[in-house]
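Spelled out, the chains give:
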Amino acid sequence: MTILNRGIFRITTRRISNSSILRGGHGPELQEPSGYLFNRKPGVKYEREGWENLWYFGFYPVVLFGGIGLYFKPDTKLRTWARAEAEKRMEERGDTLEYEHTEYII
């Protein structure tokens, strides 16, 4: 008895007809061109859909505050901390951090 005969891997013989694909239950796939911009006649007042208020008053402020937060976030890099620590230790020892400029011409 093989694995295929036990029913673990069942191979279907069902065929899908073109008519079942066409009867998908969805609306028309294409809006016929009307000659108007965005298919709206002039003078007709635009009605907002329900999701638009959430988009305008929800998404945009979150992006704005997120951008401001990222701009003002503290620098938490290890390299920055190590440089500040090294400069502090060098000042405690009395080492100078600045070099004198010499006019050396070759």
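All figures in this text were calculated on a predicted structure; none of them were measured in a lab.

Scoring rules and cut-offs
- Residues numbered from 1 in each chain as written.
- Predicted model: local features only at pLDDT ≥ 70, side-chain atom pairs only at ≥ 80, totals over all residues.
- Heavy atoms only, no water.
- Helix = DSSP H or I, 4+ residues; strand = E, 2+ residues; numbered from the N terminus.
- Buried < 20%, exposed > 50% of the residue type's maximum accessible area, 1.4 Å probe, protein only.
- Expected span 1.5 Å × (residues − 1).
- Patch = residues over 30% accessible without salt bridge, like charges linked within 9 Å, V, L, I, M, F, W, Y side chains within 5 Å.
- Areas by Shrake-Rupley, 256 points an atom, 1.4 Å probe, with all protein chains shown as cover.
- Salt bridge = Lys/Arg side-chain N within 4 Å of Asp/Glu carboxyl O.
- UniProt positions renumbered as here; feature names shortened; annotations may be inferred.
- Phe/Tyr/Trp six-rings, centres within 6.5 Å; stacked < 30°, edge-to-face > 60°.

Looking now at the overall build of the chain. Helix and strand counts for the chain come out as 4 helices and 0 strands. Along the chain, helices and strands appear, N-terminal first, in the series α-α-α-α. For the chain, the proportion of its 106 residues judged to be buried stands at 2%.

Moving on, we get to helix α4 (residues 78-93). Between its first and last C-alpha, α4 extends 23 Å over 16 residues, near the 22 Å set by a 1.5 Å rise per residue. Burial analysis of α4 places just 1 of its 16 residues in the buried class, which makes it a mostly uncovered element. Where α4 terminates, the next one or two residues include G94, which has phi positive at roughly 95°.

Among the surface-exposed residues, W51, W55, Y56, F57, F59, Y60 and V63 lie close enough to one another that they form a single nonpolar patch of about 780 Å² accessible area. The exposed category is assigned to W51, whose relative accessible area is 51%.

Once that is clear, we can look at the pattern of salt bridges. Taken as a whole, this structure holds 4 salt bridges when the rule is applied. Note that E87 and R83 form a salt bridge whose closest N and O atoms lie 3.2 Å from each other. Residue E87 and its partner R83 are both found in helix α4; the two are separated by 4 residues, about one turn of the helix. Judged by its relative accessible area of 29%, E87 is partly exposed. Members of the salt-bridge network, linked through shared partners, are E85, K88 and R89.

All right, on to the UniProt feature "transmembrane region" (unreviewed entry) in the chain then. UniProt's entry tags residues 54-72 with the feature "transmembrane region" (unreviewed entry), counted in the numbering of this structure. Taken end to end, residues 54-72 is 95% helix and 0% strand, and its first and last C-alpha atoms sit 27 Å apart.

This structure, assessed with the given rule, holds 5 aromatic pairs. Summarising the aromatic geometry, the rings of Y56 and Y60 are spaced 6.3 Å apart at their centres and angled 15° between planes, so their arrangement reads as stacked. Of the two residues, Y56 and Y60 are both situated in helix α3 (residues 50-71); the distance of 4 residues between them amounts to about one turn of the helix. Under the relative-accessibility criterion, Y56 is labelled partly exposed at 37%.

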